[in-house]
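Fold and geometry: a report
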Amino acid sequence: MPRDLVAKVLKSSQPGSTVDVRGWVRTKRESKGGFAFLEVNDGSCFGNVQVVVDGKLPGYETWIKEITTGASVAILGEVVESPGKGQRVEVRANEVRVLGTADSATYPLQKKGHSYEFLREKAHLRPRTNTFGAMARVRNALCDAIHRFFQDRGFLYVHTPIITTSDCEGAGQLFQVTTLDIAKLASGGRESSGSTSPVDYAHDFFGKKAGLTVSGQLEAEIFACAVGDVYTFGPTFRAENSNTTRHLSEFWMVEPEMPFYELEDDMDLAESFVRTIIKDVLNRCPDDLAFFNERIEPTLLESLHHIVEHDFIRLTYTEAIEILLKSGQTFEYPVSWGTDLQSEHERYLTEQHFKQPVILTDYPRQIKSFYMRCNDDSKTVRAMDVLVPRIGEIIGGSQREERHDLLVSRMQECGLNPEDYWWYLELRQYGTVPHAGFGLGLERTLQLMTGMHNIRDCIPFPRAPKTADF
RNA sequence: UCCUCGAUAGCUCAAUUGGUAGAGCGAGCGGCUGUUAACCGCUAGGUUCUAGGUUCGAGCCCUAGUCGAGGAGCCA
């Protein structure tokens, strides 16, 4: 399709050139003086191109009525310098074709602003709004920056399975994947023969209980311990009944895993990663981010530049506890060594005490996962969380326990059956190496990048409890 | 899952102590204008989330439910 993108027309088209612009009408300003202005957007950039339509064009009286907010049009015209304010150039139409009308009496999107709650119910149309068009472009730029960061450093992109039979980490509720007939089971039927249990997973599709992955980490470790630095980047599923502005049932996660890395290397990579991808998106999407800064979060650009330009604060969990205890703040949840930090504690550290991203390390072992490497103090593990203002945790990572016997005892301590993780343990039995990795939540990073308050507005089609339309 | 709040015109909201349902925007029509969240006038538009209950009378009070928002937990 040899159409001309609005982005190109606005940025570089010279007066006198002929263009073929196609897109959706945002507004029409009609003049009975015999002409009309159309604002046409095709998603290629934040801005619209202003199209000037002369009333003397053939059939004007007929088709100008069909052009309303939301209609799709094809404009053949000439780029001219704009005498009006607000745009460098505009398009003087020679030919206008209405490709699809949008009945103004029923088209849900109006020229005025809508609430995000309303737009979530119109997920099929909300990409046509300023906010969600900008979000789509920022999300794309962010994903590109993520791949570029790892590819530039020689990481391999590894695809880990979406359907899994190992309840990885023991954390996170799995969505079950089954071909068993639920209705039949519910009515007292049996999906198995000769078993007293109503459900015999040996007869299920995979021959055992299966679910959607909650993390690709364990599989990523397999490849890190074979082909070097790797990363996964794909959807992740949590069946938790979380109803917050920071949780989704289906979200995208980036999980690098690096052999021969210790915790300090892991932190260095995580910090470099966050700062680099933010910088890349700042460079690539200035118009979109300016919009978010103006309409959504007035401190957005300032805070993003601050993150890019300053080193992250690094301290241990124990040091953080001391700071919180000495803060003089009254917290709803008391601070004490050995319990996990609450949202209010994280926010105090990132938003009030340090006013920038913080990496906390060496958490108590009893509040962290089995695979994290135990410190010599036998009280803490080599975990690290990257906390940022407004959002909280966007990265959780650790150096992995590479010592076979210690890993087995940690599994037992966490109530896991080592036999279920036989292949994970064999990585430690045969040619084990120190290694580390972390996970970054894509949509939380988008919250940070755009200032959008609800994570459901940072993914095209959000999945959350009672929410899976479109 | 817990706490708090909410659901009224297409959208955002108002409605005094329980007493005939309102505005702005949007839409339709008309006017005006190189306009740019255009502007001015007129018109239409309602089973007040659902099901019960109290009352002479319920948008408002009571009970249950559904959905939504914010906060919390879990986490990324």
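All figures in this text were calculated on a predicted structure; none of them were measured in a lab. Residue numbers run consecutively from 1 along every chain, following the written order of its sequence. Labels are handed out in written order, letters beginning with A for the chains and numbers beginning with 1 for the ligands. Reporting of local features is limited, given that this is a predicted model, to residues whose pLDDT is at least 70; pairs of side-chain atoms are given and counted only at 80 or more, and all residues count toward the totals for whole chains, interfaces and linings. For side-chain calculations, the full set of non-hydrogen atoms in the structure is used, while hydrogens and water are omitted.

1. Some points on the overall build of chain A
Strands are runs of DSSP state E lasting at least two residues, helices are runs of H or I lasting at least four, and both sets are numbered from the N terminus onward. The helix and strand inventory of chain A stands at 14 helices and 16 strands. Taken along the three principal axes of its C-alpha coordinates, chain A extends 85 × 60 × 45 Å. Partly exposed residues are those whose accessible area sits between 20% and 50% of the maximum for their type, while under 20% is buried and over 50% is exposed, using a 1.4 Å probe and protein chains only. Looking at chain A as a whole, 50% of its 470 residues are labelled buried. Every accessible area reported is derived by Shrake-Rupley at a probe size of 1.4 Å, with residue values counting cover from the shown protein chains alone. Summed over its atoms, the accessible surface of chain A is roughly 22,600 Å², and 51% of this surface lies on carbon and sulfur atoms.

2. Quick look at the pattern of salt bridges
The term salt bridge refers to a pairing of a side-chain nitrogen on Lys or Arg with a carboxyl oxygen on Asp or Glu at a separation within 4 Å. Here the structure, examined in full by the defined rule, presents 27 salt bridges. For the salt bridge of D20 with R22, the shortest nitrogen-to-oxygen distance reads 3.0 Å. Relative accessible area serves as the criterion here: at 13%, D20 is assigned to the buried category. The salt bridge partner of D362 is R382, with a shortest N-O separation of 3.2 Å.

3. Quick notes on the sheet that holds strand β9 (residues 210-212)
A sheet is described by the order of its strands in space; here 3 strands give the open sequence β7-β9-β8, paired in antiparallel fashion. Two strands lie at the open edges of the sheet, namely β7 (163-164) and β8 (176-177), each paired on one side alone. Taken together, the 2 bridges between β8 and β9 define a ladder with antiparallel strand orientation. When the sheet's bridge partners are listed, V177 is paired in β9 with A210. One bridge is not enough; two strands pair if DSSP finds at least two bridges between them.

4. With respect to the environment of A239
Tracing the sequence through the fold places A239 in the loop between β10 (230-237) and β11 (250-259). It is 5.5 Å that separates the C-alpha atoms of A239 and L174, two residues lying 65 residues apart in sequence. Beyond its immediate chain neighbours, meaning those up to four positions away, A239 contacts Q173, L174 and F175. Whether two residues are in contact is decided by their heavy atoms, any of which lying within 4.5 Å being enough.

5. Some details on the environment of K85
Along the chain, K85 falls in the loop between β4 (72-81) and β5 (89-100). Of the residues examined, K85 reaches a relative accessible area of 83% and is grouped as exposed. Spatially, the C-alpha atom of K85 lies 58 Å from that of H435, the residues being 350 residues apart in sequence.

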